[in-house]
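Fold and geometry: a report
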Amino acid sequence: MPNKDVSLKPKLQSKPKLEQPKLYKVILLNDDYTPREFVTVVLKAVFRMSEEAGNRVMMTAHKFGSAVVVVCTRDIAETKAKEATDLAKEAGFPLMFTTEPEE
Ligand code: TYC
């Protein structure tokens, strides 16, 4: 005799097991003092960009005030932004990199 109390209905929705980590943008800010060439050098050294990509991102910040360098996890974004900002500070330039959560 079938047991009527046992439900064999499949679950309609299964929860994904892992949450996606929130992503953060590293933002390059323009200033009036840091030489363009130095900005590109930092982008190449810290963010492993090619000369061409580094130049493009640098010129975007130069023209529009800021540019997104990379999107990654919060931990990596904050470490890289600090590393790049510190490198400029050591060289005597006010170049700044910040982070913000992606929408
Ligand atoms: N605006 C700077 C100059 O004219 C160059 C520069 C570009 C500085 C991009 C910062 O994020 C920057 N020397």
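Look up: the structure comes first, before these words.
Residues numbered from 1 in each chain as written. Predicted model: local features only at pLDDT ≥ 70, side-chain atom pairs only at ≥ 80, totals over all residues. Heavy atoms only, no water.

Quick notes on the side chain of Lys25
Going by this rule: Secondary structure elements follow DSSP: runs of H or I no shorter than four residues count as helices, runs of E no shorter than two count as strands, and numbering proceeds from the N terminus. Any N or O atom pair separated by 3.5 Å or less is treated as a polar contact, with the protein-specific requirement of one donor-capable and one acceptor-capable atom, and with residues adjacent in sequence counted only for side-chain atom pairs. Contacts between residues were defined by any pair of non-hydrogen atoms, one from each residue, lying within 4.5 Å.
Mapped onto the elements, Lys25 comes out in strand β1 (residues 23-29). Polar side-chain contacts of Lys25 include one of 3.0 Å to the side chain of Glu103. Sequence-distant contacts of Lys25, that is, excluding residues within four places in its chain, are made with Val68, Val70, Val71, Thr98, Thr99, Glu100, Pro101, Glu102 and Glu103.

Brief notes about the sheet that holds strand β3 (residues 96-101)
Put simply, the test is: By this definition, two strands are paired if DSSP reports at least two bridges between them. Lines fitted to the C-alpha atoms define the axes, with helices restricted to the stretch that makes contact. Angles between their N-to-C directions range from 0 to 180 degrees.
The strand order across the open sheet formed by 3 strands is β2-β1-β3, and the pairing between neighbours is antiparallel. Whereas interior strands pair on both sides, the edge strands pair on one side only; in this sheet they are β2 (66-73) and β3. Going from strand to strand, the sheet's axes swing by 30° on average, the running direction of each strand aside. Looking at chain direction, β1 and β3 are connected through 6 bridges and run antiparallel. Bridged to Lys25 within β3 is Glu100. Each of β1 and β2 is contacted by helix α2 (residues 51-64), which is oriented at about 130° to β2, the strand it contacts most.

What about helix α3 (residues 74-90)?
Stated precisely, the cut-off is as follows: In this scheme, a helix's expected span is set at 1.5 Å multiplied by one less than its residue total. Residue exposure (1.4 Å probe, protein chains only): buried if accessible area is under 20% of the type maximum, exposed if over 50%, otherwise partly exposed. The arc in question is the one traced by the directions running from the helix axis out to the C-beta atoms.
With 17 residues, α3 ought to run about 24 Å at 1.5 Å a step, and its terminal C-alpha atoms sit 24 Å apart, in line with that. Along α3, the positions that sit buried rather than exposed are Ala77, Ala81, Ala84, Thr85 and Ala88. Axial view of α3: buried residues confined to an arc of 95°, hence all on one face. Exposed positions of α3 whose direction lies more than 90 degrees from the buried face are Asp75, Lys82 and Glu90. If you follow the buried residues of α3, they end up packed against β1, α1 (36-47), β2 and β3. Of the residues one or two after α3, Gly92 is the one with positive phi, at around 85°.

Looking at the packing of α1 against α3
Going by this rule: Throughout this description, any angle smaller than 35 degrees is read as roughly parallel, any larger than 145 degrees as roughly antiparallel, any in the 65 to 115 degree range as roughly perpendicular, and the remainder as oblique. Crossings are assigned a handedness: left-handed for a near helix turned anticlockwise from the far helix by less than a right angle, right-handed for a clockwise turn.
Interhelical geometry of α1 versus α3 gives an angle of 140° and a closest axis separation of 10 Å. The angle between α1 and α3 places the two elements in the oblique class. Judged by the sense of rotation from one axis to the other, the crossing of α1 with α3 is right-handed. In this structure, α1 contributes Phe38, Val42, Val46 and Phe47 to the contact, and α3 contributes Lys80, Glu83, Ala84, Leu87 and Ala88.

Notes on the site of the ligand
Operational definition: A cutoff of 4 Å decides nearness: a residue is near a molecule or strand if any of its heavy atoms lies inside that distance of it. Using the Shrake-Rupley algorithm and a 1.4 Å probe, accessible areas are obtained, with residue cover drawn only from the displayed protein chains. Each residue gets one label: Ala, Val, Leu, Ile, Met, Phe, Trp, Tyr, Cys and Pro are nonpolar, Asp, Glu, Lys and Arg are charged, and the others, such as Gly, are polar.
With respect to spatial proximity, the complete set of residues near the ligand consists of Leu28, Leu29, Asn30, Asp31, Thr34, Arg36, Val39, Met58, Ala61, His62 and Leu95. Leu29 places a main-chain nitrogen or oxygen 2.8 Å from an oxygen atom of the ligand. With respect to the ligand, the backbone of Thr34 contributes an N or O atom lying 2.9 Å from a nitrogen atom. Relative to its unbound accessible area of 350 Å², the ligand is 87% covered by the protein chains. Going through the elements one at a time, β1, α1 and α2 are the ones with two or more residues in the shell around the ligand. At 3 residues, the largest contribution of residues to the shell around the ligand is made by α2. Looking at the shell around the ligand residue by residue, the class counts come to 6 nonpolar, 3 polar and 2 charged.

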